[in-house]
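# Structural characterization, general
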Amino acid sequence: MNANAVIQIESARAAGVPELISALDGYLSSLYPPSSNHFLDLDQLAQPDIRFFVARREGAPLACGALRIAADYGEVKRMYVAPAARGAGLGRAILARIESEARREGLQVLRLETGNRQAEALALYRSAGYVDCGPFGEYRPDPLSRFMEKRLQA
């Protein structure tokens, strides 16, 4: 499936993407209370400091992820693979594109916040070289959150 998917920067309002984001929000809301969810909505995903990636196959959106560019680091946001597309490497492929874009933007560190109830996400990030770190930016300690970072090679 991954071989047939095309990943590119798109608007979060592109065809089928709001539904993908809605599915992500529903999934995360089923796992965590509102105080532990740190969603970026469609308007926030359209801001100039965001690069939003979508993986599509035959026009259908299958996965997404975003890079938020801060002053001295990038943040991985809104990572999601539709249930029917899981297991094909799309999450890893989106993460690789985010890392590539971060390097292109001159960033040396990527950080992320994810939930401790998402074993697959944690395994993906660890296998991609992310290590635990403390809260960053506007995040505060949360027993349901995991904070991770990765130093990027030039």
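Parameters and conventions
- Residues numbered from 1 in each chain as written.
- Predicted model: local features only at pLDDT ≥ 70, side-chain atom pairs only at ≥ 80, totals over all residues.
- Heavy atoms only, no water.
- Helix = DSSP H or I, 4+ residues; strand = E, 2+ residues; numbered from the N terminus.
- Rg over C-alpha atoms; globule rule 2.2 N^0.38 Å.
- Buried < 20%, exposed > 50% of the residue type's maximum accessible area, 1.4 Å probe, protein only.
- Contact = heavy atoms within 4.5 Å.
- Areas by Shrake-Rupley, 256 points an atom, 1.4 Å probe, with all protein chains shown as cover.
- Lys, Arg positive; Asp, Glu negative; His and termini not counted.
- Charge placed at Lys NZ, Arg CZ, Asp CG, Glu CD.
- Salt bridge = Lys/Arg side-chain N within 4 Å of Asp/Glu carboxyl O.
- Pairing = 2+ DSSP bridges.

Moving on to the overall build of the protein chain. When helices and strands are tallied, the protein chain shows four helices and seven strands. Moving toward the C terminus, one meets the helices and strands of the protein chain in the order β-α-α-β-β-β-α-β-α-β-β. A globule of 154 residues ought to have a C-alpha radius of gyration of about 15 Å, and the protein chain, at 14 Å, matches this closely. Seen through its C-alpha atoms, the protein chain measures out along the principal axes to roughly 40 × 40 × 30 Å. By residue count, 49% of the 154 residues in the protein chain fall in the buried class. Sequence separation of at least 24 residues holds for 64% of the intrachain contacts in the protein chain that already meet a minimum separation of 6. Summed over all atoms, the accessible surface of the protein chain reaches about 7,800 Å², with 51% contributed by carbon and sulfur. Looking at charge distribution, the protein chain has the averaged site of its 19 positive side-chain charges lying 4 Å from that of its 18 negative ones.

Below, the discussion takes up the pattern of salt bridges. Evaluation of the coordinates by the stated rule reveals 14 salt bridges. In this structure, Asp 25 and Arg 78 form a salt bridge, with 2.4 Å as the shortest nitrogen-oxygen distance. On the criterion of sequence distance, the pair formed by Asp 25 in helix 1 (residues 17-31) and Arg 78 in strand 4 (residues 74-81) is long-range, its members being 53 residues apart. Asp 132 is the salt-bridge partner of Arg 146, the closest N and O atoms lying 3.0 Å from each other.

Before going further, it helps to examine the environment of Cys 64. Structurally, Cys 64 is set in strand 3 (residues 60-69). For Cys 64 and Gly 91, which are 27 residues apart along the polypeptide, the C-alpha to C-alpha distance reads 8.0 Å. Setting aside anything within four residues of it in sequence, one finds Cys 64 in contact with Leu 20, Ile 21, Phe 52, Phe 53, Val 54, Arg 78, Met 79, Tyr 80 and Ile 94.

Our focus in this paragraph is the sheet that holds strand 2 (residues 50-57). The seven strands lie next to each other as 1-2-3-4-5-7-6, forming an open sheet whose pairing is mixed. Both outer strands of the open sheet, strand 1 (6-9) and strand 6 (131-132), are each paired with one neighbouring strand and no more. Here strand 4 runs beside strand 5 (residues 109-115); their pairing, made up of three bridges, is parallel. When the sheet's bridge partners are listed, Gly 74 is paired in strand 5 with Leu 110.

On their own, these measurements won't tell you what the molecule is for.
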